[in-house]
Amino acid sequence: MTQSLKPNPHHDDPRHGTGDTPSPDSSSALSRRGFLGGVGAVAAGIAAGATLGKAEVAEAAQEVGPVIGNARLAAAESIRLDMRDRMVDEGIPSLHVNNGDEDRYANRIGSYSKGLPHNNIGEVNPAAFNAFLAALSTGTIDSIETITLGGARGMTNPLAGLAFTTDGNDPHQFIQPPAPAFSSAELAGEMVEHYWQALLRDVHFERYDTHPIAGRAANELTSLEDFKGPMEGGQVTRQTLFRDDLPGCTVGPYISQFLILPTPFGAEFVDRRMRTLAPGSDHMTRFGDWLAVQNGNVPGRAVFDPVRRYIRNGRDLSEWVHIDVLFQAYFNACLIMGTPPDDSDIGGGIGCPVNVGNPYRGRAKQFGFGTWGPPGFKTLLCEVSTRALKAVWFQKWFVHRRLRPEAFAGRVHVARTGQASYPLHGDVGGSEAANRVFRKYGSYLLPMAFPEGSPTHPSYGAGHATVAGACVTILKALFDENFVIPNPKVVSPDGLSLQPYTGPALTVGGELNKVASNVATGRNIAGVHWRSDAYWSLRLGEQVAIALLRDNKLCSVEGGGHTFTTFDGDTITI
């Protein structure tokens, strides 16, 4: 379907504001929008007798342009007011709702508590948790300092969730629905997937089509009561295993072209081979280590492969998303798309055309640069990333406070070893995946890719996935998503080289969706996020980007627009 985004929509979709806040005076808003019908209209107003003194006219005459002097200031003010009107018209949600686990369980077994002190089976100290909630409610930098920690690691920037922003929507206007509850079949299914991801961490993605454990994983995930991963004919297949149901994500190789293709960086060149972790270097499989990490300590250390390799398996992808630079994957993608190809093996890109709505597309005598061109594109990636982080940090700390997969696996271990009774869904405790982990490691704990496990902030939403959703949406709005990628590659079995890919065509839009999925799911494979974290956070980031694109377009004088496909397959135009 095609959806045309107007300046002041009222949305029923729970991901948007509810429109409960009254709109500003409509006549005022309309007069400003009429004024902003184009700079030509402003210039006409000046010609018709806008009041400027003789000195001001003389001074204005030193410059050229359709809107100068005080009229320019008035136009700038009107644009900012129009941006304000659009934001306010969308309203603030009447209620942000979590899954109820925090109120449901007095021992807080379904809530985030990492870094606080815990007892000998990993349940958080009640007084410390209550003080933690009180500090968040107070919401000052000094109140966060009163939290009692259980170890050396501090909390990751809770107050970012209270920050404001200057364009787009306010971070608190976005909604994420409640995460799956602690005892639900959906959460059990996600935990079973985590166990399989850990068991397959050292298997090349391109070997899933023949590897016996990949086949067992697909079969068990299919059998679960409520598994939300993509399927073919009602079955999880080796091709859909650990993927997302976004347009293009189940087509071709698992890893996006934008994570492996040579990347031009001005006159420099980025070799995409990375420092990765040694095979089999899993962490937190012993209960003492697990408990130490929940208290905020790091008992282990990372072990690295001495050879740099392209991303070829879950362990490589886990380490890539461990220390990536916020919008790194999408900045690289922008460089690859925006650089023309050349005759060498290194240095060139793919020369993707700009979006059909770009006003400079097809122009013979001018091209975009600071607006609607390469420097403007890259700035937008950075700008939307900060907005995305503020939006998701609010969801994390001030709404949901969802526990991490590593903590849930601790509950599975404690329950399965008879140390406590927890309301776990039957799909997880007796799963083949959990039993295989126990036979290999002697515990039901989730083998983690990193010695410190997850970061010290709640699981839902996911920061990586929200930024991925925001940046990929920007790139789809800037480039032609239907462009077919020339000469696609696949990673060799040893990860040391790239080989020609043969198979269905890979489009820019599909591979952008795939790189967002790779980053989001890579965090899942590492053990630090849930599938539902990725699903809803990609869409949160998409909405953050759409709001920013609306306001950014108001500041442009060229006209033009953006037409692209959302993660849910809808075509929208801004």
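Preceding block: the structure.
Residues numbered from 1 in each chain as written. Predicted model: local features only at pLDDT ≥ 70, side-chain atom pairs only at ≥ 80, totals over all residues. Heavy atoms only, no water.

Caption draft 1: Up close: the overall build of the protein chain. Across its full length, the protein chain carries 19 helices and 7 strands. A total of 574 residues make up the protein chain; the buried ones form 55% of that total. Sequence-distant contacts, at least 24 apart, represent 78% of the contacts inside the protein chain between residues at least 6 apart. When the accessible surface of the protein chain is split by element, carbon and sulfur atoms take 54% of a total near 23200 Å². (Helix = DSSP H or I, 4+ residues; strand = E, 2+ residues; numbered from the N terminus. Buried < 20%, exposed > 50% of the residue type's maximum accessible area, 1.4 Å probe, protein only. Contact = heavy atoms within 4.5 Å. Areas by Shrake-Rupley, 256 points an atom, 1.4 Å probe, with all protein chains shown as cover.)

Caption draft 2: A look at the packing of helix H8 (residues 185–199) against helix H9 (residues 212–223). It is at 10 Å that the axes of H8 and H9 come closest, and there the two elements cross at 180 degrees. By the angle class used here, H8 and H9 are roughly antiparallel. Every residue of H9 that contacts H8 at Gly189, Val192, Glu193 and Trp196 is listed here: Ile213, Arg216, Ala217, Glu220 and Leu221. (Axes fitted to C-alpha atoms, helices over the stretch in contact; angles between N-to-C directions. Parallel < 35°, antiparallel > 145°, perpendicular 65-115°, else oblique.)

Caption draft 3: Looking closely at the side chain of Asp244. Along the chain, Asp244 turns up in the loop between H9 and strand E2 (263–265). Separated by 3.3 Å, the side chains of Asp244 and Arg531 make a polar contact. Once you skip the residues sitting within four places of it in the chain, Asp244 turns out to touch Pro230, Cys249, Thr250, Ser517, Thr521 and Arg531. (Polar contact = N/O pair within 3.5 Å; in protein donor to acceptor, adjacent residues only side chain to side chain.)

Caption draft 4: Looking closely at the nonpolar core. Within the largest apolar cluster, 131 residues are counted, with the highest numbers of intra-cluster contacts made by Phe132, Tyr195, Tyr330 and Met337. In terms of residue count, the dominant contributor to this core is helix H13 (residues 374–400) (12 residues). Those residues within four positions of Met337 in sequence are excluded, and the remaining contacts are Phe258, Ile350, Gly351, Cys352, Leu475, Phe479, Val508 and Leu512. (Core = buried A, V, L, I, M, F, W, Y, C linked by side-chain atoms within 4.5 Å.)

Caption draft 5: The arrangement of helix H16 (residues 432–441) in detail. All of the buried residues in H16 are Glu432, Ala433, Ala434 and Val437. Packing partners of the buried residues in H16 comprise H8, H9 and helix H15 (426–429). Positive backbone phi, approximately 80 degrees, marks Gly442, located one or two places after H16.

Remember, this is a structural readout, not a statement about activity or role.
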